[in-house]
Amino acid sequence: MATMKAVVFKGKDHIAVEEVPKPVPRAGEAVIRITTTTICGTDVHIVRGEYPVKPGLVLGHEPVGVIEELGPGLQDFYTIGQRVIAGAITPCGQCFYCLNGTHSQCGGALGGWRFGNTINGAWAEYLLVPDARANLAVIPDSLRDEDVMLCPDIFSTGLSGAESGKIKVGDAVAVFAQGPIGLCATLGAKLKGAALIIGVDSNSKRLELARQFGANVTLNPDDGDVIETIKRLTGGRGVDVAIEALGRQETFENCLRATRPGGTVSSLGVYSGKLVAPYETIHAGLGDQTIVTTLCPGGKERMRRLMTMIEHGRVDLRPLVTHEFALDEIQDAFDLFSHQRDGVVKVALHPYVLSGVRTTRSRERTAVSG
Ligand SMILES: [Zn+2]
Ligand SMILES: [Zn+2]
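Residues numbered from 1 in each chain as written. Chains lettered and ligands numbered in written order. Predicted model: local features only at pLDDT ≥ 70, side-chain atom pairs only at ≥ 80, totals over all residues. Heavy atoms only, no water.

1. Some details on the side chain of Thr157
Using the following cut-off: The numbering of helices and of strands both runs from the N terminus, where a helix is a DSSP run of H or I of at least 4 residues and a strand a run of E of at least 2. Contacts are assigned to residue pairs that have any heavy atoms within 4.5 Å of one another.
Its location among the elements puts Thr157 in helix H5 (residues 151-164). Setting aside residues no more than four positions away along its own chain, Thr157 makes contact with Ile181, Leu268, Cys296 and Pro297.

2. Observations concerning the coordination of the zinc ion (ligand 1)
Here is the rule we go by: Counted as coordinating are nitrogen, oxygen and sulfur atoms within 2.8 Å of the metal, or 3.2 Å for Na, K and Ca, while water is not included, which may make sites look incomplete. Each residue's exposure class comes from its accessible area (1.4 Å probe, protein chains only) as a fraction of the maximum for that residue type: buried when under 20%, exposed when over 50%, partly exposed otherwise.
The zinc ion (ligand 1) binds to the protein through Cys40 (SG), His61 (NE2) and Asp153 (OD), with metal-donor distances spanning 1.7 to 2.1 Å. Binding-site remark: the zinc ion (ligand 1) is held by donors from one chain whose sequence spacing is C-x20-H-x91-D. With His61 in the loop between helix H1 (41-47) and strand S4 (64-70) and Asp153 in helix H5, this residue pair connects regions lying 92 residues apart in the sequence. In this pair, the class of His61 matches that of Asp153, namely buried.

3. Description of the layout of surface pockets
By rolling a water-sized probe across the atoms, one finds the places where empty space is left. Convention followed: Both cavities and pockets are sets of points on a 1 Å grid over the protein atoms alone; in a cavity a 1.4 Å probe fits but cannot get out, in a pocket the set is open with protein on both sides within 12 Å along at least five of seven lines, and lining residues sit with an atom within 4 Å of a point. Grid points are joined across faces, edges and corners, and a volume is the space filled by probe spheres set on the points.
One number sums up the size of the second largest pocket: a volume of about 320 Å³. In terms of lining residues, the second largest pocket is bounded by 13 residues, among which Gly101, Thr102, His103, Ser104 and Pro297 are the most central. Per-element accounting of the lining of the second largest pocket gives the leading share, 3 residues, to H5.

4. Description of the pairing of strand S12 (residues 259-267)
Keep this limit in mind: A pair of strands is considered paired only if DSSP assigns at least 2 bridges between the two. Every crossover in which the path from the first strand over the helix to the second runs clockwise, viewed with the strands pointing away from the viewer, is termed right-handed.
Alignment of strand S11 (residues 239-244) against S12, held across 5 bridges, turns out to be parallel. Bridging across to S12, Val239 finds its partner in Thr259. Since S11 and S12 lie parallel, the crossover through helix H9 (residues 249-258) that links them has a hand, and here it is right-handed. In terms of strand pairing, S12 meets strand S13 (residues 290-293) through 4 bridges, oriented parallel. Considered in S13, the bridge of Ser267 is made with Thr293.

5. Section: the packing of aromatic side chains
Note the following rule: Pairing of aromatic rings covers Phe, Tyr and the six-membered ring of Trp, with a centre-to-centre limit of 6.5 Å; geometry is then stacked below 30 degrees between planes, edge-to-face above 60, and tilted otherwise. To sit over a ring, a charge needs its Lys NZ or Arg CZ within 6 Å of the ring centre and within 35 degrees of the ring normal.
Overall, the coordinates contain 3 aromatic pairs when judged by the stated rule. For the ring pair Phe96 and Tyr97, a centre distance of 5.0 Å and an interplane angle of 80 degrees mean the geometry is edge-to-face. Assessed through its relative accessible area of 58%, Phe96 is described here as exposed. On the accessibility criterion, Tyr97 (31% relative accessible area) is partly exposed. Pairing Phe252 with Tyr271 gives two aromatic rings, centres 5.9 Å apart and planes at 75 degrees, and the pair type is edge-to-face. In this pair, Phe252 sits in helix H9 while Tyr271 sits in the loop between S12 and S13, placing the two residues 19 residues apart along the sequence. Against the face of Tyr126 rests Lys22, its NZ or CZ located 4.3 Å from the ring centre. Arg133 extends its terminal NZ or CZ atom over the ring of Phe77, reaching a point 3.7 Å from the ring centre.

Dropping the structure here:
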């Protein structure tokens, strides 16, 4: 049996590079050779034991690669060697949820999220893509891996925060937390036509990126009362839409406090434990607010749309890719990313770069300053 190198979840706080069987596609499935992937905040939750997955699973849900092998039924639609991405969420396109328009919940709650959750993921030399016809999106020739590597999850998720919030032209929007997803939500607010975009974070480097991604005002909670300032900036009302991009009780509550009566809280964070809405933040339940949650939209049509925005120069996500590593160096990459050291925003991981060759030279990309 052919094998491949992959990063396996061994249990709480333990991942390891191991040789595992190379996947073989069945009907409707494809195998892609991964050229670039990345680490997500969700992977950090998994490794820390805060989100349960089975030990032995290959992690990672953000694949960029080349078609290596096609299962029966796909030959008319794809060719070997095509450069492709697949979304972090891989809907089947056939089930109750897909046909009712909630593709991310394919098959049941969170069911569309398969890679690195319920099936082997992208931190490997090869990845099996289920329901390939619904999920493989061909990368435009003019785009490099680094241009599109955030489409499978971060860009799709961040943008969906603005879309689900139904931002209108002229709206005032606050985005709580400016990590990779918050930054893409800020960008989404700009694309949707918000007039005032307020980025909130306690990391000054990230606030700088927030301004680059469309925020006209940035607020650091360490410098003063954020809610008071937001009220002052919006005629005492609060924003039309607040986007939660962290997954904490505190930011969720602040989103409710920052939103005007009749406004919308669009929540992207992954919460654990209990989430509470204090009665005054929802005006005793009579504030006409909308709270909406969204799991990353996936599928090939979503990926095509996102890549089109990059292809035509409307969006440039490269400033978010701050570091590069070989897949072999996953421990270093994970350590850097999970502790947010050295100004890291997102890391690119390359399974096919020999350890220490390309990465030592270009580990710290210059994209942030450039
Ligand atoms: Zn993710
Ligand atoms: Zn489905």
